[in-house]
Amino acid sequence: MGAADSLTGKTALVTGGSRRLGAAICRELAARGAAVAVHYRRSEAEAIAMNRVLKHGVFSLRGDLANPQEREWIFREAAEWLGRVDILVNNAALFARDGEIDPAELRAVNVEAPLDLAARVAAQPGGGCVIHVLDARIARPEAGAFRGYAATKRELADSVARLAREWAPKTRVNGVAPGPVLAPEGVREAAGDLPLGRRPTPEDVARAVAFLAESESITGQILFVDGGQHLAGADHA
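None of the values given here were measured: they were computed from a predicted structure.

Reading the values: rules and limits
- Residues numbered from 1 in each chain as written.
- Predicted model: local features only at pLDDT ≥ 70, side-chain atom pairs only at ≥ 80, totals over all residues.
- Heavy atoms only, no water.
- Core = buried A, V, L, I, M, F, W, Y, C linked by side-chain atoms within 4.5 Å.
- Buried < 20%, exposed > 50% of the residue type's maximum accessible area, 1.4 Å probe, protein only.
- Helix = DSSP H or I, 4+ residues; strand = E, 2+ residues; numbered from the N terminus.
- Contact = heavy atoms within 4.5 Å.
- Salt bridge = Lys/Arg side-chain N within 4 Å of Asp/Glu carboxyl O.
- Disulfide = S-S within 2.5 Å.
- Axes fitted to C-alpha atoms, helices over the stretch in contact; angles between N-to-C directions.
- Parallel < 35°, antiparallel > 145°, perpendicular 65-115°, else oblique.
- Left-handed = near helix turned anticlockwise from the far one by under 90°.
- Expected span 1.5 Å × (residues − 1).
- Pairing = 2+ DSSP bridges.
- Polar contact = N/O pair within 3.5 Å; in protein donor to acceptor, adjacent residues only side chain to side chain.
- Phe/Tyr/Trp six-rings, centres within 6.5 Å; stacked < 30°, edge-to-face > 60°.
- Lys NZ or Arg CZ within 6 Å of the ring centre and 35° of its normal.

Caption draft 1: A look at the nonpolar core. Judged by nonpolar contacts, the single largest core of 31 residues is most densely connected at I25, L29, V36, V89 and V176. Listed by contribution, the elements that provide at least two residues to this core are β1 (11-14), α1 (20-31), β2 (35-40), β4 (87-90), β5 (129-133) and α6 (202-214). Each residue touching V176, except ones within four places of it in the same chain, is listed here: I131, H132, V133, L134, V205, A208, V209, L212, L223 and V225. Counting 24 residues, the second largest nonpolar core, distinct from the first, contains L13, I74, A79 and A113.

Caption draft 2: Up close: the pattern of salt bridges. Within this structure, the stated rule accounts for 13 salt bridges. Here D135 and R137 are joined by a salt bridge, their closest N and O atoms 3.0 Å apart. Across the pair, exposure class does not vary: D135 and R137 are buried alike. Two residues, D204 and R198, come together in a salt bridge whose shortest N-O distance is 3.1 Å. Taken together, the shared-partner salt bridges in this structure form one network comprising E28, R32 and E214.

Caption draft 3: Up close: the state of the cysteines. For the structure shown, the criterion picks out zero disulfides. Left unpaired, C26 is separated from the closest cysteine sulfur, that of C129, by 14 Å.

Caption draft 4: How the structure looks around the side chain of H132. Inspection of the secondary structure puts H132 in strand β5. Beyond its immediate stretch of four places on either side in the chain, H132 contacts N90, P114, A118, L156, S159, V160, V173, N174, G175 and V176.

Caption draft 5: A look at the packing of helix α4 (residues 103-123) against helix α5 (residues 147-167). Close contact between α4 and α5 brings their axes to 9 Å; oriented N to C, the two are set at 15 degrees. As far as their axial angle goes, α5 and α4 are roughly parallel. Viewed along their axes, α4 and α5 form a crossing whose handedness is right-handed. Contacts from L106, R107, N110, V111, P114, L115, A118, A119 and A122 of α4 reach α5 at G148, Y149, T152, E155, L156, S159, L163 and W167.

Caption draft 6: Local environment of α1. Relative to the 16 Å expected for 12 residues at 1.5 Å per residue, α1 spans 17 Å between its end C-alpha atoms, a close match to the ideal helical length. Across the 12 residues that make up α1, a large majority, nine, are buried. Among the residues of α1, those classed as buried are L21, G22, A23, A24, I25, C26, E28, L29 and A30. Among the residues trailing α1, G33 stands out with phi positive, at a value near 110 degrees.

Caption draft 7: Geometry of the pairing of strand β6 (residues 172-178). With seven of seven residues buried, β6 is to be regarded as a mostly interior element. Burial of the side chains of β6 extends over both faces: R172, N174, V176 and P178 are buried on one face and V173, G175 and A177 on the other. The sheet contact formed by β5 and β6 spans five bridges and is parallel. Paired with V130 across the strands is V173, a residue of β6. As paired elements, β6 and strand β7 (residues 222-225) share four bridges and run parallel to each other. The residue of β7 that forms the bridge with A177 is F224.

Caption draft 8: How the structure looks around the environment of N174. As for its position among the elements, N174 is in strand β6. Once residues within four sequence positions are removed from consideration, N174 is found in contact with V130, I131, H132, V160, L212, I218, T219, G220 and Q221. Among the polar contacts listed, one links the side chain of N174 to the backbone oxygen of I218, at a separation of 3.0 Å. Reaching out from N174, the side chain makes a polar contact with the backbone nitrogen of Q221 at a distance of 2.9 Å.

Caption draft 9: Quick look at the packing of aromatic side chains. Summed over all chains, the structure comprises three aromatic pairs. Their ring planes at 70 degrees and their centres at 4.5 Å tell us that F95 and Y149 sit as a pair that is edge-to-face. With a gap of 54 residues between them, F95 in the loop between β4 and α4 and Y149 in helix α5 connect regions that are remote in the sequence. Taking relative accessible area as the criterion, F95 reaches 24% and is therefore assigned partly exposed. Through a chain of ring-to-ring contacts, the aromatic side chains of F95, F146 and Y149 assemble into a single cluster. Over the ring of F146 we find R137, and its NZ or CZ is 5.3 Å from the ring centre.

This is the structure in structure tokens:
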């Protein structure tokens with residue numbers, strides 16, 4: 001099998017998959033043969049458009065990840081439609097400056113929802129593959145005006161190795177930590193120093209996610225896709 005069919009027969013649920021980075025991940029997984037369930041909260045038009053352009057039985061489903069009942073429905077619908085969820089990509093997240101959002105809601109979407117959905121994958125017969133989309137800010141002691149957001153991503157990152165050990169051998173857990181790929185909507189933020197001299201693209205991140213989905217001997221790892229920015233640590237906080 002080559003890259004074009006490396007995930008043939010696999011199913012995937014991608015949260016926040018209708019646009020931007022999530023859409024790139026959906027396109028990459030589908031291009032490699034996976035059947036993809038595209039979760040969204042508000043971007044209905046974009047989600048429907050994904051159904052038209054992706055291959056291999058793509059469908060979309062709407063839900064609020066901050067609501068535990070809706071999280072349960074999202075996973076159940078995906079598992080029923082796909083047969084099971086082989087690959088879970090926890091991409092959806094709330095991004096806001098400190099003080100702009102209720103910390104409880106921020107944690108519900110950025111930490112509780114990914115862990116809840118991941119546990120549902122692990123509870124399936126045969127387990128599955130979980131990939132958390134994190135943020136290169138997890139490597140920095142401070143994160144400027146986004147300390148609360150960064151703290152939620154670090155909390156999720158801290159779960160990767162623990163859950164990989166707990167759920168082995170049936171379920172693999174990994175993370176991808178993008179750097180300055182796309183500036184959040186409505187936020188002006190400098191890219192900072194990039195040792196490789198270029199911003200990573202959404203497609204770079206999507207290929208890293210697909211690599212971890214394919215690599216059945218990798219678990220408990222966090223792959224930075226940030227142009228080397230994490231190497232400087234606190235210098236770029």
